[in-house]
Amino acid sequence: MAGRAQRSAAGPAPGILPPPPPPLLLLLLAAAAVIRTGDGQNLVTEDVTVVEGDVATISCRVKNSDDSVIQLLNPNRQTIYFRDFRPLKDSRFQLVNFSNSELRVSLTNVSISDEGRYFCQLYTDPPQEIYTTITVLVPPRNLVIDIQKEVAVEGEEIELNCTAMASRPATTIRWFKGNKELTGKSEVEQWSDMYTVTSQLLLKVGREDDGVPVICLVDHPAVKDLQTQRYLEVMYKPQVRVSQNYPVQGLTREGEPLELSCAAFGKPQPTDMRWLRVDDEMPQHVVVSGSNLLISNLNKTDNGTYRCEASNAVGKSHADYMLFVYDPPTTIPPPTTTTTTTTTIPTTITDTTATTEPAVHDSRAGEEGAIRSVDHAVVGGVVAVVVFAMLCLLIILGRYFARHKGTYFTHEAKGADDAADADTAIINAEGGQNNSEEKKEYFI
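Just so you know, these numbers come straight off a predicted model, no measurement behind them.

A. Highlighting the environment of Gly304. Here Gly304 lies in strand 25 (residues 304-311). The class of Gly304 is buried, set by a relative accessible area of 9%. A sequence separation of 20 residues divides Gly304 from Phe324, and the C-alpha atoms of the two residues are 6.9 Å apart.

Written as structure tokens, this is what we have:
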């Protein structure tokens, strides 16, 4: 007994084989013998990014083939392909190419559960191994815009929310109003491996926003041009315009007719429109027909401000026309070149929502050019008359000086003309000089 015990301690008896090592130990030894391949090694592969539902292709390549066996394992280290044989029963894996230098396998209908590390192994001495990572992208399941108010009133601030559900990774939401990009506030919620993103937009609307689309656009690597939109509906007060139909050009003169028209646009369309005189009662001879106002025979008592008012469910607006009646035309007609249509018939738009005073159409606004032209004609005529008078005066003076030019004779020796002889003439002449008054003559 003692001898048998010693032989057992020293080793097995001759002719008896040692017991085989356990299977777990073999796996550990095999794993320890595998070398993780890095850059510059013989085994090469690349990471794969794929959209959920698409096809992922895994490639295990050998730089310098020595006819060693290539195999592909899944994240659970189950063999997908050993050379060109597929032990795994998942039929979504299909062999694309097999050779001594490459093992290429496709995976169809990829899902989130397929994401992870896949291992390429090359049975050399020692064995080599490298892994590739499959990343699965999930586009948003649904894209919805919720609007706080289906119909907004001008000046209100409304809230819009856009939600992109169940995406991976989280989406980025962008807002646009027409072609202009706006800024929203986003919140991200994570459910398991999926993300839901909600973006909030606060928008103050005006009448110019009516009918404009608000667009929610998604930026995500799994999808392109994914967007949804809602059209804004905005109610606003009437926009009123007063225009002068007659006279088309020139002054509003006494005795002539005047015709004004009023146009109003709003949402909803204005249902009530009326004319009134701001500073006094409406004259009896004024005819109002719908949106038109007619005065067949203007006079000075018609001077004043005439207002057109329009209203709808949102509010009331108005536009004013200031009338100034001029005297009838004089004998000097105004030059035809002084008529200006752009200033005599302006169109006035009045919005009561603005902080400034409403603009007023003034019938005198277009008459300054005509009056200024008439004044210039009068001044020119006066200057011409003065110049003509001065020319006539110069001609008269010239003729007068020409007639009095030459030798002038005095009457100092007039007494000697009647003398009988020379002595008497001398005596009469001397006496005439002594008796006559001293005279002086001037030549001008």
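B. Broad picture of the pattern of salt bridges. Here the structure, examined in full by the defined rule, presents 18 salt bridges. Linking Arg230 and Glu150 is a salt bridge whose minimum nitrogen-to-oxygen distance equals 2.8 Å. Of the two residues, Arg230 sits in strand 19 (residues 223-231) while Glu150 sits in the loop between strand 11 (142-147) and strand 12 (152-153), which places them 80 residues apart along the sequence. According to the relative accessible area criterion, Arg230 is partly exposed, its value standing at 24%. Classification of Glu150 by relative accessible area gives exposed; the value is 52%. For Asp210, the salt bridge goes to Lys267, with nearest N and O atoms at 2.9 Å.

C. Inspection of the side chain of Lys177 at higher detail. Checked against the element boundaries, Lys177 lands in strand 14 (residues 172-177). Reaching out from Lys177, the side chain makes a polar contact with the side chain of Asp209 at a distance of 3.0 Å. Each residue touching Lys177, except ones within four places of it in the same chain, is listed here: Leu182, Leu203, Asp209, Val212, Pro213 and Val214.

D. Molecular detail of the pairing of strand 18 (residues 213-220). Most of strand 18 sits inside the fold, with seven of its eight residues counted as buried. In the sheet, strand 14 pairs with strand 18 via six bridges, with the strands oriented antiparallel. Counted as the bridge partner of Lys177 is Val214 from strand 18. Of the pairings in the sheet, the one linking strand 18 to strand 19 comprises seven bridges and is antiparallel in character. Within strand 19, the position partnered with Leu217 by the bridge is Gln227. In textbook terms, the turn of a hairpin is the stretch between consecutive antiparallel strands, and for strand 18 and strand 19 this stretch comprises two residues.

Criteria and cut-off values
Residues numbered from 1 in each chain as written. Predicted model: local features only at pLDDT ≥ 70, side-chain atom pairs only at ≥ 80, totals over all residues. Heavy atoms only, no water. Helix = DSSP H or I, 4+ residues; strand = E, 2+ residues; numbered from the N terminus. Buried < 20%, exposed > 50% of the residue type's maximum accessible area, 1.4 Å probe, protein only. Salt bridge = Lys/Arg side-chain N within 4 Å of Asp/Glu carboxyl O. Polar contact = N/O pair within 3.5 Å; in protein donor to acceptor, adjacent residues only side chain to side chain. Contact = heavy atoms within 4.5 Å. Pairing = 2+ DSSP bridges.

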